[in-house]
2 protein chains.
Amino acid sequence: MHTVVMPPPEMEAVKHADPYQLQSIDRVVALLDMLSESDIPLSLAEICARMGLHKSTAHRSLIVLERTSMIERTPEGKFRLGLKLYELGNRAVEQMDLRDRVQPFFRRLAMEVGETVHLSVLQRTKVVYLDKVEPNRRVCMTSKSGTSNPVYCTSMGKAMLAFLPEELREEIISKIKFTRLTSKTLCTREALMKSLERVKKRGFAIDDEEIEVGVRCVGAPIFDENHFPIAAVSVSGPASRITVQSVPGIAEKLIRCCNEISRTLGIHDKRRSRYSSPLFHHYGN
Amino acid sequence: MHTVVMPPPEMEAVKHADPYQLQSIDRVVALLDMLSESDIPLSLAEICARMGLHKSTAHRSLIVLERTSMIERTPEGKFRLGLKLYELGNRAVEQMDLRDRVQPFFRRLAMEVGETVHLSVLQRTKVVYLDKVEPNRRVCMTSKSGTSNPVYCTSMGKAMLAFLPEELREEIISKIKFTRLTSKTLCTREALMKSLERVKKRGFAIDDEEIEVGVRCVGAPIFDENHFPIAAVSVSGPASRITVQSVPGIAEKLIRCCNEISRTLGIHDKRRSRYSSPLFHHYGN
DNA sequence: ACTGCCGTACCGCATTGTGGTACGGCAGTC
DNA sequence: GACTGCCGTACCACAATGCGGTACGGCAGT
């Protein structure tokens, strides 16, 4: 390829590992990822610098993305993600209809425990919220679905991580950038691993004010037919109500709920490991 | 190009209108759109049929999209939109931070009128919901943000349409596929145009049970620095509470709110029409 | 006025992506 | 149980496509 400055040797080693190039598509995804990670709109020059692309090449891709509303331009001409992504993203969730299939169990759990209940899935090193139910009585917490939190400081994140196949778990953990959010946040690989061990034994995870002071959560995974943790449910509330004493009772109800959900999902067949190379998609320079 | 079976003549007419080809990217977007419109996951063969693509070509693109989590495969091997889109989409909205900047005004309005308040933007022929606030007292309506409704039967859609530049409005309206949702739905271009005239005069739009029986909404646009309606706000509630008598009062509060928001947004500069060719991106067979 | 930077436009070359074809597996039919 | 047809995957040779370079024009700062 003439896009990338390529060290002449060991070329064919890569060749077979990644048989389908379609470089423009890969690049587009990398561009979107990049824009997603940036908190501010970026100029063409900045994008080129970050991605190591030539002006013309990046420009061409960006123009097409703009035409298709995948990205938009600020009045100053800088680029940022476009709203079509929002629309597509929400369609994606609708189509999976995890949300809808889970709702009934979900609502019942919220009633039983009287706390906010969340549904989320794993996306790279983040937990993306799909849905939440608040107990009827009063508003307890606010959190918008569609937002995401790091895996390592959420009960749902830890619940899913713990039950992931070894290799995949390693891959994810290696990508985590730990940041201290509260004094109780697990900020090292070791602390996280130790926590995951306990999660695996108990079947549920706890977030003990690790992401926000005063908030405790209990989370458990939902499994698909291959015992793959495709999603997680959590119960969260003020530390004053979710106490050492009340956790076991909550966890029991939570796990029962998750098992019911898992069972209703587990009606599929075998076929392919689907999670073959799901994570971080690396853009070669 | 050798992708598309091309009627030999009038080729160069298109050539200049659409200078940047990058066909693989265009195709990818078209694929995503297609998957978005389908309610069920599609097989490779189905995708080829709908898009008029050759097996190999479609397959290659799909594989890349799968690798990058833009789409996923069901256990049966069918394709559907992937969760990365959800993540990207939500980042897009965060980055625009319309939502956050609007929130305070927004909440106040909800308190004042005691009804559900929505924020949305225009995306092609649809209104995409970005946010909502429910009045504290009780749950009134349910609607998830991220969902979308057709422009022509929502107050927000009509509010934005009415204040769009002539040409763009025409472009959008020409793309609408009218479907009757209730007995009051505006189902013709003419009815819609007439309605828009009134919206323009009054400064706000009404959805009088046009999308759902028993629900009335009042909507008004938010303008950017160029008097371009970038978003809209609506007040919606049961027809029993939003009556002919109460509409003027609600509309007044709504418009005041929207004006305040518009003013806080109108701090930008001139530069480019940004909406040069924003809509329907057509995939040439 | 001069200089430098940024976004845009164009062009010729060869790499990349294309369409066709072939393979293998699964499912339904006789 | 063999046959048939369909679907997803893999490979290949050709040439059209997308690449990098380069040049232009506008704006801003000196």
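Summary of the structure given here. (Residues numbered from 1 in each chain as written. Chains lettered and ligands numbered in written order. Predicted model: local features only at pLDDT ≥ 70, side-chain atom pairs only at ≥ 80, totals over all residues. Heavy atoms only, no water.)

A few words on the pattern of salt bridges. Within this structure, the stated rule accounts for 33 salt bridges over all chains. The shortest N-O distance in the salt bridge between A:Arg67 and B:Asp26 comes to 2.9 Å. With A:Arg67 in helix H4 (residues 55-67) and B:Asp26 in helix H2 (residues 23-37), this residue pair bridges two chains. For the pair A:Arg67 and B:Asp26, a shared accessibility class is recorded, and that class is buried. The network of salt bridges with common partners includes A:Lys184, A:Asp208, A:Glu209 and A:Arg216. (Salt bridge = Lys/Arg side-chain N within 4 Å of Asp/Glu carboxyl O. Helix = DSSP H or I, 4+ residues; strand = E, 2+ residues; numbered from the N terminus. Buried < 20%, exposed > 50% of the residue type's maximum accessible area, 1.4 Å probe, protein only.)

Time to look at the environment of B:Ile172. Residues and elements named next belong to chain B. By secondary structure assignment, the location of Ile 172 is in helix H8 (residues 166-175). A residue is classified by how much of its surface remains accessible, and Ile 172, at 2% relative accessible area, is buried. In sequence terms Ile 172 and Gln 123 are 49 residues apart; their C-alpha atoms lie 9.6 Å from each other.

Residue and element names in this part refer to chain A. Spatial strand order, E5-E4-E3-E8-E7-E6: six strands in an open sheet with antiparallel pairing. Either end of the sheet is taken by a strand with one partner, and the two such strands are strand E5 (148-150) and strand E6 (205-208). Taking the axes of each pair of neighbouring strands and ignoring which way they run, one obtains an average angle of 30° across the sheet. Where strand E4 (residues 126-133) lies against E5, three bridges are found, and the strand directions are antiparallel. (Pairing = 2+ DSSP bridges. Axes fitted to C-alpha atoms, helices over the stretch in contact; angles between N-to-C directions.)

Here the focus is the sheet that holds strand E3 (residues 116-123) of chain B. Residue and element names in this part refer to chain B. Pairing within the open sheet is antiparallel, and its six strands lie in the order E5-E4-E3-E8-E7-E6. The open sheet has two edge strands with one neighbour each: strand E5 (148-150) and strand E6 (205-208). Neighbour-to-neighbour, the strand axes of the sheet open up by a mean angle of 30°, direction not taken into account. As judged from the seven bridges shared by E3 and strand E4 (residues 126-133), these two strands associate in the antiparallel manner. Across the sheet, the residue bridging to Val 121 is Val 128, located in E4. Relative to strand E7 (residues 215-223), helix H10 (residues 247-265) is tilted by about 25°, and along the sheet it contacts E6, E7 and strand E8 (229-238). (Contact = heavy atoms within 4.5 Å.)

All right, on to the packing of aromatic side chains then. Under the counting rule described, the total for this entry stands at four aromatic pairs over all chains. Judged by centre distance (5.5 Å) and plane angle (90°), the ring pair of A:Phe163 and A:Phe223 falls under edge-to-face. Linking A:Phe163 in the loop between helix H7 (155-162) and helix H8 (166-175) with A:Phe223 in strand E7 (residues 215-223), this pair joins segments that are 60 residues apart in sequence. Since its relative accessible area comes to 17%, A:Phe163 is described here as buried. Accessibility expressed as a relative area gives 12% for A:Phe223, which makes it buried. A cation over a ring is seen here: B:Arg202 above B:Phe204, with NZ or CZ 4.9 Å from the ring centre. (Phe/Tyr/Trp six-rings, centres within 6.5 Å; stacked < 30°, edge-to-face > 60°. Lys NZ or Arg CZ within 6 Å of the ring centre and 35° of its normal.)

Time to look at helix H7 (residues 155-162) of chain B. Burial of H7(B) is extensive: eight of the eight residues sit out of reach of the surface. What H7(B) keeps buried is the set B:Ser155, B:Met156, B:Gly157, B:Lys158, B:Ala159, B:Met160, B:Leu161 and B:Ala162.

Before going further, it helps to examine the side chain of A:Thr68. Residue and element names in this part refer to chain A. Mapped onto the secondary structure, Thr 68 falls in the loop between H4 and strand E1 (71-73). Look at Thr 68 and you get buried, because its relative accessible area is 1%. A distance of 3.0 Å separates a polar atom in the side chain of Thr 68 from the backbone oxygen of Leu 65. (Polar contact = N/O pair within 3.5 Å; in protein donor to acceptor, adjacent residues only side chain to side chain.)

Tracing the backbone through its elements, the reader meets B:Ser236 in strand E8. Between the C-alpha atom of B:Ser236 and that of B:Asp207, which follows or precedes it by 29 residues, the distance is 8.8 Å.

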